[in-house]
Amino acid sequence: MSSFFVAVVLDGDGAHPAAWRAADHRPDTLLSPERILSQVAEAERYGFDLIQFTDRQVPDQGTDGIVGQLDAVSLGAYVGPTTSTIGIAVGAQVLDPEPFHLAAQFASLDHASLGRAAWIVRADNDPLVAAAYGHPERDAEWVAVEVGEVIEAVRLLWDSWEDGTVIRDSASGRYIDGDKLHHIDFVGEHFSVRGPLITPRPTQGQPVVLADTSLLQQALAAREASGRVSRIDGPLVDVALVTGTNRVAVHEQAAAARDLGAPLVFVEVEVVLDTDTGTAAERLSRLDADEPWGTGTRLRVVGSASEVSDALAGLAEVVDGVLLHPAVLDADLPELGRLVLPDLARRSVRQIPAVPGQDGAAAATTLRERLGLPRPANVFAA
Amino acid sequence: MTNHQDVRFPDAQLHFGVFYPAIGSVVWDSPRAGSQTSFESYAAIARTAERGLFDAFFVGDGQRVREHLDGFNTHDVSGRPDGLTVLSALAAVTSRIGLVATLNATYNDPVDLARRLATLDLLSHGRAAWNVVTTDNAWTGENFRRGGYLPHADRYRHAESHLLAVLRTWRAWPSQTVATSPQAPTWAQNAAIETVRHHDDFYDIELRPVVPPSPQGRPVIFQAGDSEGGRALAARRADVIFSRHTQFDDALTFAEDIRARLRANGRSEDSLKILPGASVIVGDTRAEAEDKAEWIRQTTLTPRAALAFIEKGFGRDLSEYDVNGPLPDIDPVIDEVSVTGGTVGHNLTPRELVAQWREVAEAHHYSIRELVLHFTSQRGFVGSVGDIADQLTRYVRHGAADGFNLHPFEVPHGLDDIVDKLVPALQDRGAYPTDYVGTTLREHLGLPKVAAADAIPTAA
């Protein structure tokens, strides 16, 4: 296998709740644009395929840790013009925001990044979020219906301008070809959207859509129960995310994700590496002494760079990519970039992508091209 | 020139903003015209404006693609990005210019809007602003979960509730509350951050905000409504008001009205800036500028565009009519006209509208095209660089305006003459800054610090 994709989550100071105490910068510079740009540039230079920012509308309750957070779509847009190859994935919520705004935001992110946008569908059904938006907490059935319907409405809106709608035809005095614009007339259980979108079709046709496998499962089950027929041709999402605390569990979930029709499957993995301040295990125990990092549903790899490479090479046999959650970004990201990615290349698990303009490398590609995903056909095209 | 004794503000300098022409009257059928929708075009206009020391770059709002008769409006420029998304990308390729998003209070939730604008404000080091607009247009509401829910009479009451919820969210997180050392007991002084509680007829919000304040405290507030409700809201809450009043006496009357309202609210006269929107066409000579203005009119008002304008009143396809001939001698199709053009700013019925057109056309012996020009000609200034520099200086020195929000006629070059010719002429007159003095939009505009601006009672 020679195309294994490596994505990395750049939220806060890292996945460990005490990561902010081990960062190389002062807490009050966490959200500074210079720090963010420098970290994103570093990730691109190392050759990661994708970075992820996750949106959260409210902070954790009762934490001593990080309570500051930028809007993730805006953050993704901000780093778009300063990067040229890396994919930009944004985890955006679907339960309260308007599907119409989500579609316009991701289309605009895709335009500003020249086709490198991805949307990670999130549905945090949290009582604090419900209080912020002034409604009761939603039940699981409501959420399951909503996830599927918002994805469908957003994808239809992306298609509502066909490619080539803007014609600028002097002879007829027409700026657009009205036959290529479409009302989507989506009517769901909880909302409806007329369309078309205000924004022309995204550079990739549609940004890449990722979702957690259990969310995808619930959405598809809810759709089947309702008897509604989807107007989306092909799979609901492009990449299904799976978890699992060991390889067997990952294998099972990956098989389930493929059964749901996901073209690609990425596994979420937490990593802690050896650095010059200590072994991975020593670092983890120091961090846990500040605030323990509970184990959840994800595989956690704690070890040297070559041990992490071994683990990833093993996973490459059962999934198409990995979404890494480094414990401390300032410490673990450089180790991953300097040691693990080159090691994976040596083992022919994946290549380190070329940077356009250097050593005669080809022009920048879209994220879909990079992931080997086809440009989606437009559902409205005749 | 002006009588020196009449000059109320002898040292005043102009502030310029630029409105990105995403829709409407912009030249697209020209070899120099670039894409109106690409990010590169947005970046090009923003960079040109920044080279010209403009205070602000604006994007407009429109949440539904304009329609016409039984289809879409095909003759006008159409297609725009999400405002805050494109401005966040622009924050990375500009360093000084303010970034103003026109956002509708009716179809944006205050929780999302406050978080997204505060993010832009941090990412741009304090250059963000919100131009507050309202609508009760149910036609636009068809794109949204909540639909067309707002009664017309509640438009400004709702907008003020929304604005207050946003201001409260921004105010809830004081500056310098995030730790400076990793040894601090907590990442932020959590007790200093307030929980926002905003409960009224429109919203039930209980929220811990997530975005700390930027160097300018909070985003600047712009307000564009010219109605009684719009002016009253601006005089209570806004930092900048747009207007359509570009003719000198009219602009002065408007400015005096706004200043009186500020005094009545206990606000200082310089705490709100007045920026009329205008198109400014300059040439080396007056004749050159007039030629350019005529070329712009000819190029933007194509025969199809002129017919489309009157088709909105007549409610039917008129493509068989000659735009250089008289108005059609037929009755409007009354019941089939709606507000779906998204541009109807009058309260006339189609029959009244067409009757008004007929009256004007007959009085001036206008053709269809001339009639449409009569109603659509851009407000603004056409003349030699020197004459326009003198005129604009007069506005600011007499207190008729604090500056202008300019509409470029073309993308990406429509601002070049303003920046390369008019700005130096204004600088020669001492009526325009020669460098950015501060780093934040609030500083560019010469507004009081945010603590003073927000010492306004928060009860609606």
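Just above, that's the structure.
Residues numbered from 1 in each chain as written. Chains lettered and ligands numbered in written order. Predicted model: local features only at pLDDT ≥ 70, side-chain atom pairs only at ≥ 80, totals over all residues. Heavy atoms only, no water.

## Focus: the pairing of strand E12 (residues 299-303) of chain A
Residues and elements named next belong to chain A. Our working definition: Here the term buried applies to any residue with accessible area under 20% of the maximum for its type, exposed to any over 50%, and partly exposed to those in between, with areas from a 1.4 Å probe on protein chains only. Where helices and strands are cited, they refer to DSSP runs of H or I of at least four residues and of E of at least two residues respectively, numbered from the N terminus. When DSSP finds two or more bridges between a pair of strands, those strands are recorded as paired.
Of all five residues making up E12, four are buried, and the element is well covered by its neighbours. With five bridges connecting them, strand E11 (residues 264-273) and E12 associate as parallel partners. By the bridge assignment for E12, Val272 is matched with Val302.

## A few points about the environment of Arg208 of chain B
As a reminder, the rule being used: It only takes one pair of heavy atoms within 4.5 Å for two residues to be counted as in contact. Any pair of N or O atoms that falls within 3.5 Å is considered a polar contact. Within protein, one atom must be able to donate a hydrogen and the other to accept it, and sequence-neighbouring residues count only if both atoms are side-chain atoms.
With respect to the helices and strands, the residue Arg208 of chain B is situated in the loop between strand E8 (204-207) and strand E9 (220-223). Between the C-alpha atom of Arg208 of chain B and that of His413 of chain B, which follows or precedes it by 205 residues, the distance is 45 Å. The residues touching Arg208 of chain B, leaving out its near neighbours within four places in the chain, are Gln57, Val58 and Pro59 of chain A together with Asn190, Ile193, Glu194 and Thr195 of chain B. At 3.2 Å, the side chain of Arg208 of chain B forms a polar contact with the side chain of Thr195 of chain B.

## A closer look at the side chain of Arg267 of chain B
Residues and elements named next belong to chain B. Residue position: Arg267 is located in the loop between helix H7 (248-264) and strand E11 (273-283). Only 3.0 Å separates the side chain of Arg267 from the backbone oxygen of Ala235, close enough to count as a polar contact. Not counting residues up to four positions away in its chain, the partners in contact with Arg267 are Ala234, Ala235, Arg236, Arg237, Ala238, Leu262 and Leu272.

## Thoughts on helix H1 (residues 39-51) of chain B
Residue and element names in this part refer to chain B. Applicable threshold: A helix's residues, less one, multiplied by 1.5 Å, set its expected span.
Taking 1.5 Å per residue as the helical rise, H1 with its 13 residues ought to reach 18 Å, and the 18 Å between its terminal C-alpha atoms agrees with that figure. Every buried residue belonging to H1 is among Phe39, Ser41, Tyr42, Ala43, Ile45, Ala46, Thr48, Ala49 and Glu50, and all of these are buried. Leu53 sits one or two positions beyond H1 and adopts a positive phi of about 60°.

## Some thoughts on the packing of aromatic side chains
The way to describe two aromatic rings as a pair is by their centre distance and the angle between their planes. This is how the line gets drawn: Each Phe, Tyr or Trp ring (for Trp, its six-membered ring) is paired with any other whose centre lies within 6.5 Å, and the angle between the two planes then decides the class: stacked below 30 degrees, edge-to-face above 60, tilted in between. The rule is short: NZ of Lys or CZ of Arg within 6 Å of the ring centre and within 35 degrees of the ring normal puts a charge over the ring.
For the structure shown, the criterion picks out 22 aromatic pairs over all chains. Summarising the aromatic geometry, the rings of Phe19 of chain B and Phe58 of chain B are spaced 6.4 Å apart at their centres and angled 15° between planes, so their arrangement reads as stacked. In this pair, Phe19 of chain B sits in strand E1 (residues 15-19) while Phe58 of chain B sits in strand E2 (residues 56-59), placing the two residues 39 residues apart along the sequence. You can call Phe58 of chain B buried: its relative accessible area is 0%. Between Tyr107 of chain B and Phe144 of chain B, the ring centres sit 5.0 Å apart and the planes meet at 15°, which makes this aromatic pair stacked. Remark: Phe144 of chain B occurs in the loop between helix H4 (138-141) and helix H5 (155-171) and Tyr107 of chain B occurs in the loop between strand E5 (98-104) and helix H3 (110-123); sequence separation between them is 37 residues. Each member of the pair, Tyr107 of chain B together with Phe144 of chain B, is buried. Sitting over the ring of Phe191 of chain A, Arg145 of chain B keeps its end group 5.3 Å from the ring centre. Between Arg394 of chain B and the ring centre of Phe248 of chain B, over which it is positioned, the NZ or CZ distance is 3.7 Å.

## Notes on the pattern of salt bridges
To be explicit about the condition: Whenever a carboxyl oxygen of Asp or Glu lies within 4 Å of a side-chain nitrogen of Lys or Arg, that contact is scored as a salt bridge.
Scanning all chains against the criterion turns up 61 salt bridges over all chains. A salt bridge links Arg146 of chain B to Glu98 of chain A, with the nearest nitrogen and oxygen atoms 3.7 Å apart. Of this pair, Arg146 of chain B sits in the loop between H4 and H5 while Glu98 of chain A sits in the loop between strand E3 (87-93) and helix H3 (99-112), each in a different chain. Its relative accessible area of 6% is what places Glu98 of chain A among the buried residues. Ionic contacts of the salt-bridge type, sharing partners, join the residues Asp55 and Asp71 of chain A together with Asp82, Asp112, Arg115 and Arg116 of chain B into one network.

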